[in-house]
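# Report on the structure
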Amino acid sequence: MTAMKTEPNYFRASLGMKQEIAPAIAADYHSGIVDWMRANGNVLPLDGITFRLAKEFGFCYGVDKAVDMAYETRLKFPDRRIFLTYEIIHNPSVNNRLKQMGIEFLSGALKGNLTFDDIGPDDVVIMPAFGVPAEYLQQLRAKGSVLVDTTCGSVVHVWKRVEKYAKDGYTSLVHGKALHAETLATVSQAQKMGGHTIVVLDKNQAQLVCDIITGDAPPESIAQLGPMSLSREFDPRKHLDKIGVANQTTMLANESLEIAAMIGAAMEKRHGRENLPAHFRSFDTICSATQERQDAIVDLVQSGHIDMMLVIGGYNSSNTGHLLDIAAATLPAWHISDAAEILSATELRHQPAHEKVRVTATDWLPKRAVSIGLTAGASTPNKAIGEVIERLAELRGVEIPAEILAFKKT
Ligand code: SF4
């Protein structure tokens, strides 16, 4: 990675225009309400409706950096074509804003007509916070374009871990979503070193792997995980002998730890305790921002101060989905992408946990005095949270004081 930093056409950090982009970033993503709440104990008490924010929520350091770099790129290269390989982060409003700024998407929901083949040496290509697969980066380098790589440092940390596993002859077992951009990039890092990989989504899939390791299930049953979860020519008879565990940075932290413990126990059963270090390694690679947001929502739902939770974020955002899982285990909780999902005081369009379709809840908001907890995934701007609060206040016929709406932290 060090060599990359010195290349004139390869940017891995700020392009040096942070001050220049600050007004645009504030205009697009700032919320006076959220800043005011942060300065006032994370609580906004209004007549008959109180809002309480989790202690940690919204844009993480990796997303902050990626969005800043995209804005800087637009400013630094006003006359060049700029491409984004995929959504920069999993938030529709941020991606739409980049599209409005003339940035062309090469894949995903906002993909335009231009393709990878259209990229030339005069173009600029931005890579998202999740990173891109190693072979894709190689192809981009061959184009000679300017590359702006916003891959989060915490993702790179996981890459280093699986590279090391591969170097040492361990198969990387990744707790993650096989088709998630970050996990695709992560497994590619192990594979480029000649390592094998296996992705497990949850404890059920991990149990299947454990059963194969211990001989309680036939090796062929590995096929149940699907081809996208296994490296090419994965042979369970050979490639489950040495395993290193890692995880997508945004998974449910407790589940990742449990999966690591399950695999460790299975390896111990197969190889014996004394031989375990030679066959099993594990590192928790959940990023600190994900961990802090998950811890904060536990604190909020257990505080006894809220009646329900709204979790705000893109529907394809892994970390947002996990925040919903945590909240819904204790309280009524809904995942909404933005304020537009609040159709009326009685109707709320939302995406239930582990489902891919939106449904409409009715009578979700009690008419009595209510305290609503709020959090947002790591790719959700404060502005989206503020708009949800404004929408709910409006439906309750409550005015938010102008000084709160206009609040700016100093
Ligand atoms: S969620 Fe974690 S890994 Fe992902 S961009 Fe944010 S800080 Fe980086």
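Residues numbered from 1 in each chain as written. Predicted model: local features only at pLDDT ≥ 70, side-chain atom pairs only at ≥ 80, totals over all residues. Heavy atoms only, no water.

For the rest of this paragraph, the subject is the domain arrangement of the chain. You can read the domains of the chain as domain 1 (29-60 + 289-405), domain 2 (62-152) and domain 3 (154-286). Its C-alpha centre places domain 1 at a distance of 30 Å from the equivalent point of domain 2. Every contact between the two is made by 10 residues of domain 1 and, on the other side, 13 residues of domain 2. Three residues, Tyr29, Cys60 and Asn316, lead the burial of domain 1 against domain 2; their summed loss comes to 51% of the area buried on that side. (Domains from an automatic or database assignment. Contact = heavy atoms within 4.5 Å. Buried area = accessible area lost by both parts, 1.4 Å probe.)

Attention shifts here to the packing of aromatic side chains. Each aromatic ring pair is described using two quantities: the centre-to-centre distance and the angle formed by the ring planes. The full count for this structure, using the stated rule, is seven aromatic pairs. Grouped by ring-pair contacts, the aromatic residues Tyr29, Phe59 and Tyr71 constitute a single cluster. Above the plane of the ring of Phe116 lies Lys143, whose end atom (NZ or CZ) is 4.4 Å from the centre. Positioned over the ring face of Phe283 is Arg161, at 3.4 Å from the centre of the ring. (Phe/Tyr/Trp six-rings, centres within 6.5 Å; stacked < 30°, edge-to-face > 60°. Lys NZ or Arg CZ within 6 Å of the ring centre and 35° of its normal.)

Tracing the backbone shows Ser229 in the loop between helix 9 (203-214) and helix 10 (236-239). The class of Ser229 is buried, set by a relative accessible area of 7%. Spatially, the C-alpha atom of Ser229 lies 9.6 Å from that of Gly176, the residues being 53 residues apart in sequence. If we skip the residues at most four places from it in the chain, Ser229 touches Ala178, Thr197, Ile198 and Val199. (Helix = DSSP H or I, 4+ residues; strand = E, 2+ residues; numbered from the N terminus. Buried < 20%, exposed > 50% of the residue type's maximum accessible area, 1.4 Å probe, protein only.)

To continue, consider the environment of Lys367. With respect to the secondary-structure elements, Lys367 resides in the loop between strand 15 (359-362) and strand 16 (370-376). When its relative accessible area of 76% is taken as the criterion, Lys367 is described as exposed.

A few words now on the packing of helix 12 (residues 288-301) against helix 13 (residues 318-328). Relative orientation of the contacting elements helix 12 and helix 13 amounts to 25°, with a least axis distance of 9 Å. Judged by the angle between their axes, helix 12 and helix 13 are roughly parallel. Crossing hand, helix 12 versus helix 13: right-handed. Mapping the contact onto sequence places Arg293, Gln294, Ile297, Val298 and Val301 in helix 12 and His322, Leu323, Ile326 and Ala327 in helix 13. Among the residues forming the contact of helix 12 with helix 13, the class breakdown is six nonpolar, two polar and one charged. (Axes fitted to C-alpha atoms, helices over the stretch in contact; angles between N-to-C directions. Parallel < 35°, antiparallel > 145°, perpendicular 65-115°, else oblique. Left-handed = near helix turned anticlockwise from the far one by under 90°. Nonpolar A, V, L, I, M, F, W, Y, C, P; charged D, E, K, R; others polar.)

Turning our eyes to something else, we now look at the pattern of salt bridges. A side chain with one charge can pair with a side chain of the opposite charge if their charged atoms come near. Applying the stated criterion across every chain, the model contains 17 salt bridges. Linking Glu220 and Arg237 is a salt bridge whose minimum nitrogen-to-oxygen distance equals 2.3 Å. Taken as a pair, Glu220 in the loop between helix 9 and helix 10 and Arg237 in helix 10 lie far apart in primary sequence, 17 residues in all. Given the relative accessible area of 52%, Arg237 is considered exposed. Across the salt bridge formed by Glu341 and Arg358, the nearest N and O atoms sit 2.9 Å from each other. Here the residue Glu341 occupies a position in the loop between strand 13 (333-336) and strand 14 (347-350), and Arg358 occupies one in the loop between strand 14 and strand 15, the gap between them amounting to 17 residues. Judged by its relative accessible area of 2%, Glu341 falls in the buried class. In the salt-bridge network here, residues are joined through shared partners; they are Lys164, Asp168 and Arg281. (Salt bridge = Lys/Arg side-chain N within 4 Å of Asp/Glu carboxyl O.)

Moving on: the pairing of strand 2 (residues 43-46). Sheet analysis places strand 2 next to strand 3 (residues 49-53), joined by four bridges and oriented antiparallel. Bridging from a neighbouring strand, Pro45 pairs with Thr50 of strand 3. (Pairing = 2+ DSSP bridges.)

This part covers the packing of helix 3 (residues 32-39) against helix 14 (residues 382-395). Look at helix 3 against helix 14: their axes get within 7 Å of each other, and the N-to-C directions meet at 90°. With respect to each other, helix 3 and helix 14 are oriented roughly perpendicular. Facing helix 3, whose interface residues are Ile33, Val34, Asp35 and Met37, helix 14 presents Asn382, Ile385, Gly386, Ile389 and Glu390. Considering only residue class, the contact of helix 3 with helix 14 consists of five nonpolar, two polar and two charged.

Here we take up the sheet that holds strand 13. If you walk across this open sheet you meet the five strands as 2-3-16-12-13, and the pairing is mixed. Single-partner strands in this sheet number two, and they are strand 2 and strand 13. Between one strand axis and the next, the sheet turns by 20° as a mean value, whatever way the strands run. Contacts between helix 12 and the sheet are confined to strand 3, strand 12 (308-312) and strand 16, with strand 12 contributing the most and set at about 160° to the helix.

Turning to helix 5 (residues 92-100), a few remarks are in order. Residues of helix 5 that are buried include every one of Val94, Asn95 and Leu98, and no others. An end-on view of helix 5 places all buried positions within 95° of arc, on one side of the element. (Arc of directions from axis to C-beta.)

Turning our eyes to something else, we now look at the side chain of Ser145. Within the fold, Ser145 resides in the loop between helix 6 (134-143) and strand 7 (146-149). At 3.1 Å, the side chain of Ser145 forms a polar contact with the backbone oxygen of Gly120. In contact with Ser145, other than residues within four places in its own chain, are Asn9, Ile119, Gly120, Pro121, Asp123, Val125 and Leu140. (Polar contact = N/O pair within 3.5 Å; in protein donor to acceptor, adjacent residues only side chain to side chain.)

So, about the side chain of Thr285. Looking at the element boundaries, Thr285 is found in the loop between strand 11 (280-282) and helix 12. Looking at Thr285, its side chain comes within polar contact range of the main-chain nitrogen of Asn247, at 2.7 Å. Excluding residues within four positions of it along the chain, Thr285 makes contact with His157, Val158, Arg161, Ala246, Asn247 and Thr249.

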